[in-house]
Amino acid sequence: MAAFMIVTDEQVRRNLRRQRVFRDRQNQLDAYNDIDIIHRYRLDRLTIISVIDMVQDRLERPTKRSGSLPASLQVSATLRFLASGSQQRVIGDTMGISHRRLGQGYYICNLFGFFSNRFLSIVSKWPGSTHDAFIWANCSIAQKFENGQMNGWILGDSGYPLRPWLLTPVGNPTSRGEDRYNGSHRRTRVVVEQAFGVLKSRFRCLHKTGGALEYTPAKCCKIVYVCCQLHNICIDKRIPVFEEPEEALVEAQNEVTYQGPVNDGKTTREQLIRQRFA
């Protein structure tokens, strides 16, 4: 009987130890204050809980495995990776998750976005070698402008065609009005470059200091898309960015000039220069 009691006590101690470890792994947010949570995961506490609620049914599958990961831990590990850019082994080691279960090439993804206080449209399915003009011609917003479903002006660099609704810089300005137009064009485009800079500062997995995304091309594109969506949530909720983004620069001399057949916006640009910048 004494031997039986000793074995039973040991089993109880093991079970308690397992339960405690499992509970600690589930409640990652309980270990940090509100500021630390934003530093660590980029989202605030309530937003993280909301994200967990949205994806919980898809992440938690019925299983008999004792080591299955709860949705809260999967979301925490993912946000930590997106925020830090640290390789998965680091995330796994710091959060107590097996490296294999987090999952693992080198791929350059071309991020194409429209920004007005937040990202209005995101295209991240093309490889880095794809020219911007090609991506633009094959995106839904371009088709809406083409069909007259959207109005206004879009500013693009010299790599894009000059259209009545897509204004590019004047290649070789010869007047004060053209110089002023180019200056205004450049200053406005800096806002977009700054938006990408803030995005990469918030989610360091997209920044060069975070290394490379060691995933398949399809998964890399999904990661970029998710970061943009989370970034929009942060903007809407006014969640601060603690890391300073790099200074955004628009260097006209480094741009590749569009050489395609479509350039029917010259009249619109000339009229705008006469009316606003002459």
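Here we summarise the structure given alongside this text. (Residues numbered from 1 in each chain as written. Predicted model: local features only at pLDDT ≥ 70, side-chain atom pairs only at ≥ 80, totals over all residues. Heavy atoms only, no water.)

Right, let's get into the pattern of salt bridges. Tallied over the entire structure, the rule returns four salt bridges. One salt bridge connects Arg118 with Asp236, and the closest N-O pair in it is separated by 2.9 Å. Residue Arg118 is found in the loop between strand S1 (109-115) and strand S2 (119-127), and its partner Asp236 is found in helix H10 (residues 217-236); the two are separated by 118 residues along the sequence. Here Arg118 falls in the partly exposed class, since its relative accessible area comes to 29%. Linking Asp264 and Arg163 is a salt bridge whose minimum nitrogen-to-oxygen distance equals 2.5 Å. Of this pair, Asp264 sits in the loop between H10 and helix H11 (266-276) while Arg163 sits in the loop between strand S3 (154-155) and strand S4 (166-167), placing them 101 residues apart in sequence. (Salt bridge = Lys/Arg side-chain N within 4 Å of Asp/Glu carboxyl O. Helix = DSSP H or I, 4+ residues; strand = E, 2+ residues; numbered from the N terminus. Buried < 20%, exposed > 50% of the residue type's maximum accessible area, 1.4 Å probe, protein only.)

Taken as a whole and assessed by the stated rule, the structure comprises six aromatic pairs. For the pair Phe119 and Phe196, a centre-to-centre distance of 5.5 Å together with 50° between the ring planes defines the contact as tilted. Of this pair, Phe119 sits in strand S2 while Phe196 sits in helix H9 (residues 176-202); the two residues are 77 residues apart in sequence, bridging distant segments of the chain. Ring plane angle 25° and centroid distance 5.5 Å describe the contact between Phe145 and Trp165, whose orientation is recorded as stacked. Highlighted residues: Phe145 in helix H8 (residues 140-146) and Trp165 in the loop between S3 and S4, separated in sequence by 20 residues. A relative accessible area of 8% places Phe145 in the buried class. In textbook terms, an aromatic cluster arises when at least three aromatic residues are bridged by ring pairs, as seen for Trp136, Phe145 and Trp165. (Phe/Tyr/Trp six-rings, centres within 6.5 Å; stacked < 30°, edge-to-face > 60°.)

Any link to function would need more than the numbers given here.
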